[in-house]
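Here is how the chains run, residue by residue.
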Amino acid sequence: MSSKPLKQIHLAAHFPGVNNTTVWSDPAAGSQIDFSSFVHLARTAERAKFDFLFLAEGLRLREQNGEIYDLDVVGRPDTFTVLAALAAVTDRLGLAGTINSTFNEPYEVARQFASLDHLSAGRAAWNVVTSWDAFTGENFRRGGFLAQEDRYERARQFLNATWELFDSWRGNEIVADKESGVFLRDPNPGRFDHHVGEFDISGRFDVPRSPQGRPVIFQAGDSEAGREFAASAADAIFTRHGTLEAGRAFYGDVKGRLARYGRSPDELKILPGVTFVLGETDAEAQERALVIRRQQVSGQTAIKLLEQLWNRDLSAYDPDGPLPEVDPLVGEHTVAQGRASVRMHRDPLTVASEWRALADAKKLSIRDLIVEVTGRQSFIGTPAHVAEQLNEFVQTDASDGFILVPHLTPGGLDEFADRVVPLLQERGVFRTEYAGETLRDHLGLAPLSVRAAAAS
Ligand SMILES: Cc1cc2nc3c(=O)[nH]c(=O)nc-3n(C[C@H](O)[C@H](O)[C@H](O)COP(=O)(O)O)c2cc1C
């Protein structure tokens, strides 16, 4: 490694739940609805001096063959309500919520985030996602109104509208004057007039300027348009690129886009979502990782994941048997609906023939194959080995830190907090105490002035 000063690692905790990582069959698995689960994870993250806690969002439970997708049956509560409650039981931890820009209105989202930023004294973050699918849209008055190619244009316009609202209070200093009574130093607070594209809104915003000025902005899409949106407007990216090689390529690509927007590489943090498995030895950790992977991919889940590629009902197949002889159905995707379906494979026939070749070569059952081809744990080993790998990842510019996705609710972060964080602190690459009050401080982002916000 070069003699550059060591980069500080940013760490965040992803609340487990509706995803393919969470293990529900483990006796230690708890509720994802009880407030105590959110409190446990948040307090663990804060005790370990993490930057923030992160909530994903799905506005409609995914379905497969017309039934709720197995891993979604637990459901999930509303983001703002959970984060507002967590603001009351934490002091420094950032609180990041995923809220989409397709089915909401700028005025209500700006009010909610400005309020969260006040209640938490400057710890709010907004992960702006652009899910557009008509299946989710059926929940809303405007269901299915947005074409896929327009999703980022709406997001850009949406974000600009909220920025005007966040900036509409140029100050919130109250002045007591004996003669004229109490008044605000800003004589015209909250006034906005925004008529751009889809948003034709005017009025008076009723939440005073919040401690951070506006929430920290995250972006999570991976397309060309998504990367450009992030480069122009986001403070951080939540990415899937969790291997060294893919991470470095993504990091270079996205950081390279910033100059066009007059921004420096430090102004956008790259944070992949990653998993980890610890053990007393590397071999034991590898064994645990395999057990966890098989818990994550039950026989039933293996069939469901195979159906997402095959686009057919495969419920009659034995997960411990061979792959179906029939080929995937090409064309409109009918088996899976919801966020799972947007991650569908672009070329099912090619992918299926690769899977067949792999299954033949290694004599794999359906379940073995799915374990093999779907995501695996990113960091496996002793606490010392994991700390070393995480540090190498950041110091060699594959990321600026990580959003850790534990596989257990709510205790999945405990061991990491107790055993890996102290080693990162010893290396001098992770804080031992919070230096600032706000999430912008934790992420090393400069404070915003009203004018800087308006210009960006
Ligand atoms: C790591 C990651 C996490 C995401 N999390 C969510 C989420 O919680 N809720 C959601 O509606 N979309 C989520 N998305 C979807 C994206 O925000 C976006 O809507 C979708 O990927 C389409 O954008 P793209 O074509 O630029 O990838 C996520 C995407 C990525 C890559």
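Residues numbered from 1 in each chain as written. Predicted model: local features only at pLDDT ≥ 70, side-chain atom pairs only at ≥ 80, totals over all residues. Heavy atoms only, no water.

### Details of helix α8 (residues 282-296)
Consideration 1: Helix length check: α8, at 15 residues, gives a terminal C-alpha distance of 21 Å against a target of 21 Å (1.5 Å per residue), a fit within 8%.
Consideration 2: Those residues of α8 hidden inside the fold are in contact with β14 (276-278), α9 (299-310), α12 (366-373) and β16 (379-381). (Helix = DSSP H or I, 4+ residues; strand = E, 2+ residues; numbered from the N terminus. Expected span 1.5 Å × (residues − 1). Contact = heavy atoms within 4.5 Å.)

### Looking at the nonpolar core
Consideration 1: In terms of nonpolar packing, the biggest core is built from 75 residues, with Phe50, Phe402 and Phe416 touching the most fellow members.
Consideration 2: At seven residues, the largest contribution of residues to this core is made by helix α5 (residues 151-166).
Consideration 3: Setting aside residues no more than four positions away along its own chain, Phe402 makes contact with Ile9, His10, Leu11, Ala12, Leu271, Pro272, Val274, Phe379, Leu390, Phe393 and Val394.
Consideration 4: Core analysis: the next-biggest nonpolar cluster, separate from the first, contains 20 residues, Leu309, Trp355, Leu364 and Ile366 among them. (Core = buried A, V, L, I, M, F, W, Y, C linked by side-chain atoms within 4.5 Å. Buried < 20%, exposed > 50% of the residue type's maximum accessible area, 1.4 Å probe, protein only.)

### Details of a nonpolar patch on the surface
Consideration 1: A surface patch of nonpolar side chains, amounting to about 300 Å² of accessible area, comprises Leu61, Ile68, Val73 and Val74.
Consideration 2: Secondary-structure assignment places Leu61 in the loop between β2 (52-55) and β3 (63-64). (Patch = residues over 30% accessible without salt bridge, like charges linked within 9 Å, V, L, I, M, F, W, Y side chains within 5 Å. Areas by Shrake-Rupley, 256 points an atom, 1.4 Å probe, with all protein chains shown as cover. Salt bridge = Lys/Arg side-chain N within 4 Å of Asp/Glu carboxyl O.)

### Some thoughts on the site of the ligand
Consideration 1: Inspection of the region around the ligand gives 18 residues, with Glu57, Ser131, Arg151, Ala220 and Ser223 positioned closest.
Consideration 2: Asp222 places a main-chain nitrogen or oxygen 2.8 Å from an oxygen atom of the ligand.
Consideration 3: Expressed as a share of its isolated accessible area of 610 Å², the protein-covered part of the ligand is 89%.
Consideration 4: Here the shell around the ligand is composed, by residue class, of six nonpolar, seven polar and five charged. (Near = heavy atom within 4 Å. Polar contact = N/O pair within 3.5 Å; in protein donor to acceptor, adjacent residues only side chain to side chain. Nonpolar A, V, L, I, M, F, W, Y, C, P; charged D, E, K, R; others polar.)

### Let's talk about the side chain of His10
Consideration 1: Residue position: His10 is located in strand β1 (residues 10-14).
Consideration 2: Its relative accessible area of 9% is what places His10 among the buried residues.
Consideration 3: Within the structure, His10 has its side chain in polar contact with the side chain of Asp51 (distance 2.7 Å).
Consideration 4: Engagement of the side chain of His10 in a polar contact is seen with the backbone oxygen of His442, the distance being 3.4 Å.
Consideration 5: With near-sequence residues (within four places) excluded, His10 lies in contact with Asp51, Lys269, Leu271, Asp400, Gly401, Phe402, Arg431, His442, Leu443 and Gly444.

### With respect to the sheet that holds β3
Consideration 1: On the basis of which strands lie adjacent, the open sheet formed by three strands has the order β4-β3-β15 and antiparallel pairing. With partners counted over all chains shown, the strands left at the sheet margins are β4 (67-68) and β15 (336-337), one partner each.
Consideration 2: Sheet topology places β3 next to β4; two bridges connect them, and they run antiparallel. The partner of Gln64 across the bridge, within β4, is Glu67. (Pairing = 2+ DSSP bridges.)

### Side note on the packing of helix α1 (residues 35-47) against helix α2 (residues 79-89)
Any two packed helices are characterised by the angle at which their axes cross and by the distance between the axes.
Consideration 1: Taken N-terminus to C-terminus, the directions of α1 and α2 make an angle of 55 degrees; their axes are 10 Å apart at the nearest point. Put simply, α1 runs oblique to α2. Both α1 and α2 take part in a crossing whose hand is right-handed. Within the contact between the two elements, α1 uses Phe35, Phe38, Val39, Ala42 and Arg43 and α2 uses Val82, Ala85, Leu86 and Val89.
Consideration 2: The residue makeup of the contact of α1 with α2, split by class, is eight nonpolar, no polar and one charged. (Axes fitted to C-alpha atoms, helices over the stretch in contact; angles between N-to-C directions. Parallel < 35°, antiparallel > 145°, perpendicular 65-115°, else oblique. Left-handed = near helix turned anticlockwise from the far one by under 90°.)

### Here we look at the domain arrangement of the chain
Consideration 1: When cut into domains, the chain gives domain 1 (10-277 + 377-455) and domain 2 (298-373).
Consideration 2: For domain 1 versus domain 2, the separation of C-alpha centres amounts to 32 Å.
Consideration 3: Taken together, the 15 residues of domain 1 in the interface contact 15 residues of domain 2.
Consideration 4: Counting each side, the surface lost to burial between domain 1 and domain 2 is near 1,400 Å², with a carbon and sulfur contribution of 44%.
Consideration 5: The largest contributions to the domain 1 side of the interface with domain 2 come from Gln64, Asn65 and Asp70, which together make up 38% of the buried area.
Consideration 6: Where domain 1 touches domain 2, the interface holds zero salt bridges. (Domains from an automatic or database assignment. Buried area = accessible area lost by both parts, 1.4 Å probe.)

### Thoughts on helix α3 (residues 106-119)
Consideration 1: Here α3 is 14 residues long and its end C-alpha atoms lie 20 Å apart, about the 20 Å a rise of 1.5 Å per residue gives.
Consideration 2: Within α3 the residues assigned to the buried category are Pro106, Val109, Ala110, Phe113, Ala114, Leu116 and Asp117. Buried residues of α3 fall within an arc of 160 degrees about the axis and therefore sit on the same side.
Consideration 3: Each element contacted by the buried residues of α3 is listed here: α2, β5 (94-100), β6 (124-129), α5 and β10 (199-204).
Consideration 4: Two residues or fewer after α3 comes Ala121, characterised by a positive phi angle close to 55 degrees. (Arc of directions from axis to C-beta.)

### Some words on the environment of Leu55
Consideration 1: Checked against the element boundaries, Leu55 lands in strand β2.
Consideration 2: The exposure class assigned to Leu55 is buried, which follows from its relative accessible area of 7%.
Consideration 3: The spacing of Leu55 and Asp78 is 23 residues in sequence and 9.7 Å in space, taken between C-alpha atoms.
Consideration 4: Among all residues touching Leu55, those that are not within four sequence positions of it are Phe15, Phe38, Thr79, Val82, Leu83, Ala96, Gly97 and Thr98.

### Examining the sheet that holds β1
Consideration 1: Ordered in space as β1-β2-β5-β6-β11-β12-β13-β17, the eight strands form a closed barrel in which the pairing is parallel. Strand-to-strand twist of the sheet, defined as the mean angle between neighbouring strand axes without regard to direction, takes the value 30 degrees.
Consideration 2: The strands that helix α6 (residues 224-233) touches are β6, β11 (216-219) and β12 (236-239); relative to β11, the one it contacts most, it runs at about 165 degrees.

### Quick notes on the pattern of salt bridges
Consideration 1: For the structure on display, the rule yields 28 salt bridges.
Consideration 2: Close ionic contact of Asp253 with Arg227 constitutes a salt bridge, the shortest N to O distance being 3.3 Å. Taken together, the positions of Asp253 in helix α7 (residues 244-256) and Arg227 in helix α6 put the pair 26 residues apart, joining distant regions of the chain.
Consideration 3: Judged by its relative accessible area of 28%, Asp253 is partly exposed.
Consideration 4: For Arg227, a relative accessible area of 15% puts it in the buried group.
Consideration 5: Glu228 is the salt-bridge partner of Arg260, the closest N and O atoms lying 3.0 Å from each other. Of this pair, Arg260 sits in the loop between α7 and β13 (269-274) while Glu228 sits in helix α6; the two residues are 32 residues apart in sequence, bridging distant segments of the chain.
Consideration 6: Looking at Glu228, the relative accessible area reads 19%, which means it is buried.

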